[in-house]
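Report on the structure
Residues per chain, in single letters:
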Amino acid sequence: MGRGTQGEADPPFLFISYAEPDGAWAEWVAWQLQEAGFQVQLDRWTWQAGDNQKIKLNRALENGQVVALFSAAYFDPRCSTEDHWAAVLAAGDRLIPVRIDEAEPPILLKPLLAPSLYGLDHESARRELLKALSAPTAPQSRPPFPGSGGAAAATATTASTSATASTAAGRQGRFRLAPSQGRDPADWSTGACVLVGVHTYQELSDRPAIRGNLEDLSRLLTASFGIAQDHCIVVDNPHDPRTVIDAIQRAGRATAFRSGMLLVYYAGHGVPHPRTGQLLLSVSDSRAFAFHTFLPFDHIREAIAASPATQRLVIIDCCYSGRGLDALSPAEPALPPIEGTFLMASSSATELSLSPAGKPHTAFTEALLDVLERGLPGGPPLLDAEALFEGVRRVCAARDWPEPQRQVRNNGHRIPLIPNRWHLGPQSDAV
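Everything quoted here is computed from the prediction, not taken from an experiment.

Observations regarding the overall build of the protein
- Per the secondary structure count, the protein includes 12 helices and 15 strands.
- Out of the 431 residues in the protein, the part that is buried amounts to 50%.
- Summarising the internal contacts of the protein: among those between residues at least 6 apart in sequence, 76% fall at separations of at least 24.

Quick word on the confidence of the model for the protein
- Of all residues in the protein, 72% attain a pLDDT of 70 or more, and the chain-wide mean is 78.
- For the protein, helix α6 (residues 150–171) is the element with the lowest average pLDDT, namely 40, and strand β6 (residues 232–236) is the one with the highest, namely 97.
- Across residues 327–338, confidence stays below pLDDT 50; counting only partners more than four residues off in sequence or on other chains, it has 28 contacts.
- Here residues 427–431 is a poorly scored stretch, pLDDT under 50, and it has 11 contacts once near neighbours within four places are set aside; other chains count.

Focus on the side chain of S348
- Within the secondary structure, S348 is located in the loop between β12 (340–345) and α11 (363–374).
- Leave out the neighbours within four places in its chain, and S348 touches Y320, S321, G322, E403 and Q405.

Let's talk about the sheet that holds strand β8 (residues 270–272)
- In spatial order, the strands read β8-β9-β10; together these three strands make up an open sheet with antiparallel pairing. Edge positions in the open sheet fall to β8 and β10 (295–296), since each of these has one partner strand only.
- Alignment of β8 against strand β9 (residues 279–281), held across three bridges, turns out to be antiparallel. Each bridged residue has a counterpart across the sheet, and for G270 the counterpart in β9 is L281.

Points about the nonpolar core
- Residues F225 and L263 are the most contacted members of the largest nonpolar core, which totals 39 residues.
- Of all the secondary structure elements, the ones that give two or more residues to this core are β5 (192–197), α7 (209–223), β7 (261–267), β11 (311–317), β12, α11, α12 (385–398) and β15 (416–419).
- If sequence neighbours within four positions are ignored, L263 has contacts with W188, A192, C193, V194, L195, L221, L313 and I315.
- A251, V264, L280 and I300 belong to the second largest nonpolar core, which has 33 residues in total.

Considerations on α7
- With 15 residues, α7 should cover 21 Å at 1.5 Å per step; its first-to-last C-alpha distance of 21 Å lies within 8% of that length.
- When we look at burial in α7, the residues that qualify are A209, I210, G212, N213, L214, L217, S218, L220, L221 and T222.
- Buried positions along α7 lie against β5, β6, β7, β11 and α11.

Some points on the sheet that holds strand β2 (residues 39–41)
- Reading across the sheet, the four strands line up as β2-β1-β3-β4 and stay open at both edges, with parallel pairing between neighbours. Of all strands in the sheet, those with a lone pairing partner are β2 and β4 (95–99), marking the two edges. For this sheet, the mean angle separating the axes of adjacent strands, direction not counted, is 25 degrees.

Comments concerning the pairing of strand β3 (residues 65–70)
- When you tally the buried positions in β3, you get five out of six residues, the bulk of the element.
- Where strand β1 (residues 13–17) lies against β3, four bridges are found, and the strand directions are parallel. If you follow F15 over to β3, its bridge partner there is V66.
- Of the pairings in the sheet, the one linking β3 to β4 comprises five bridges and is parallel in character. Among the inter-strand pairings, A68 is bridged to a residue of β4, identified as P97.

Considering the side chain of T365
- Residue position: T365 is located in helix α11.
- Look at T365 and you get buried, because its relative accessible area is 0%.
- At 3.4 Å, the side chain of T365 and the side chain of N213 are in polar contact.

Focus on empty space enclosed by the protein
- The final tally for this structure, using the stated rule, is four cavities of 30 Å³ or more.
- Estimated volume of the largest cavity: approximately 60 Å³.
- Every residue along the wall of the largest cavity is listed here: L195, L217, L221, F225, L263, Y265, L313, I315, L368, L372, L388 and L417.
- Elements with a minimum of two residues in the lining of the largest cavity: α7, β7, β11 and α11.
- Classifying every residue of the lining of the largest cavity gives 12 nonpolar, no polar and no charged.

Structural notes on the packing of α11 against α12
- Relative to each other, α11 and α12 sit at 125 degrees, their axes nearing to 9 Å. In terms of their interaxial angle, α11 and α12 are classed as oblique. Judged by the sense of rotation from one axis to the other, the crossing of α11 with α12 is right-handed. Taking contact as the criterion, the partners of F364, A367, L368, D370, V371 and L372 in α11 are, on α12, L388, G391, V392, V395 and C396.

What about the packing of aromatic side chains?
- The full count for this structure, using the stated rule, is five aromatic pairs.
- Summarising the aromatic geometry, the rings of W188 and F225 are spaced 5.6 Å apart at their centres and angled 75 degrees between planes, so their arrangement reads as edge-to-face. Of this pair, W188 sits in the loop between α6 and β5 while F225 is found in the loop between α7 and β6, placing the two residues 37 residues apart along the sequence.
- With relative accessibility at 1%, the residue W188 sits in the buried group.

Quick word on the environment of M344
- Looking at the element boundaries, M344 is found in strand β12.
- Residue class for M344 comes out buried when judged on its relative accessible area of 0%.
- Sequence separation between M344 and A385 is 41 residues; the distance between their C-alpha atoms is 8.9 Å.
- Aside from chain neighbours lying at most four places away, what touches M344 is V314, I315, I316, F364, L368, A385, L388, F389 and Q405.

Parameters and conventions
Residues numbered from 1 in each chain as written. Predicted model: local features only at pLDDT ≥ 70, side-chain atom pairs only at ≥ 80, totals over all residues. Heavy atoms only, no water. Helix = DSSP H or I, 4+ residues; strand = E, 2+ residues; numbered from the N terminus. Buried < 20%, exposed > 50% of the residue type's maximum accessible area, 1.4 Å probe, protein only. Contact = heavy atoms within 4.5 Å. pLDDT = per-residue confidence, 0-100. Pairing = 2+ DSSP bridges. Core = buried A, V, L, I, M, F, W, Y, C linked by side-chain atoms within 4.5 Å. Expected span 1.5 Å × (residues − 1). Axes fitted to C-alpha atoms, helices over the stretch in contact; angles between N-to-C directions. Polar contact = N/O pair within 3.5 Å; in protein donor to acceptor, adjacent residues only side chain to side chain. 1 Å grid on protein atoms, 1.4 Å probe; cavity = no way out; pocket = protein on both sides within 12 Å on 5 of 7 lines; lining within 4 Å. Points joined across faces, edges and corners; volume = space filled by probe spheres on them. Nonpolar A, V, L, I, M, F, W, Y, C, P; charged D, E, K, R; others polar. Parallel < 35°, antiparallel > 145°, perpendicular 65-115°, else oblique. Left-handed = near helix turned anticlockwise from the far one by under 90°. Phe/Tyr/Trp six-rings, centres within 6.5 Å; stacked < 30°, edge-to-face > 60°.

See the structure below:
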């Protein structure tokens, strides 16, 4: 049987996702599946020099199922890659996890039913592997009535039935979350954030309030959201756009397979490109009318879309930030689908954002901090992305500041944040 032929519906197409140290396991699994009649794609067998790995992986995700070899190396950022993480998170119900060592999967993947090949001999491992890919079948003979044979027979039959049901669940209902093992929907303790602030420039006008934005947001995200200090990445006054993209990639890796929650914030000068109209974000070395010295927001969007994080809250505080809304749409259909993204912009596509002189924060970020720290009067007990936006919109309207904008994809408005502090007691000074 030929390997790597794409687009055929029969036999099934299986892509093997693995960490490089587990290459021997990957080849063994691929060979067993191929011998059993499955069409298999393993990169070291079918991908050639010069192939675009991202395109190849995206095609595999579109055309087949993903057999993921769970191991300590698979979940180690030093051994695996973002592409493999994206494959697992994007595959959904087409994911077939198989454990090849005794390492525990990370929190986000623990509820998945994954058969283990660890410690088995060759033939037993082969049977277990093929069982994971088999559809459940009804028994060939009628099951006996459990109440007719006494307590012992009933107990034996029940045990047998439970074992059969468990095996069938692992095949048919595999990869569903077990309700008892679901994670706290507002748990940001294993999430990550990137805070980018540009306040001091070589040529453009300085925005000293942005320094305060970074200080108070980082404090709030670690203290109130519970994000670990080493997962709260502050990019203070970057001069190289690559620094921003690198930080987003690091944060995505930090939250992969855990809560999957990622927050990305930017504050600085923003300008529209004179020809394309796309939003350009400044760095400290950006120069007026030298548009190649700016960071296109599209680059940030691509880094976020490629991140293994599954829930993304993106906040932009700059002039013309509303131009980033349309950029949230996928630039290429091959990018993995995302569970939820919410983009909040400080102003419309044609409007300036404000940084009042002498104030500790820019106007929009002041409103953001106000709602998170004081709460949203009449809002839900748990603030989500939509409730936060509504609160910020109210504060901005009350103070005659530019009206914020938002864009939501894939239930991003439901991204949970923190408890609404207004419910903790009277907040007389809240808006």
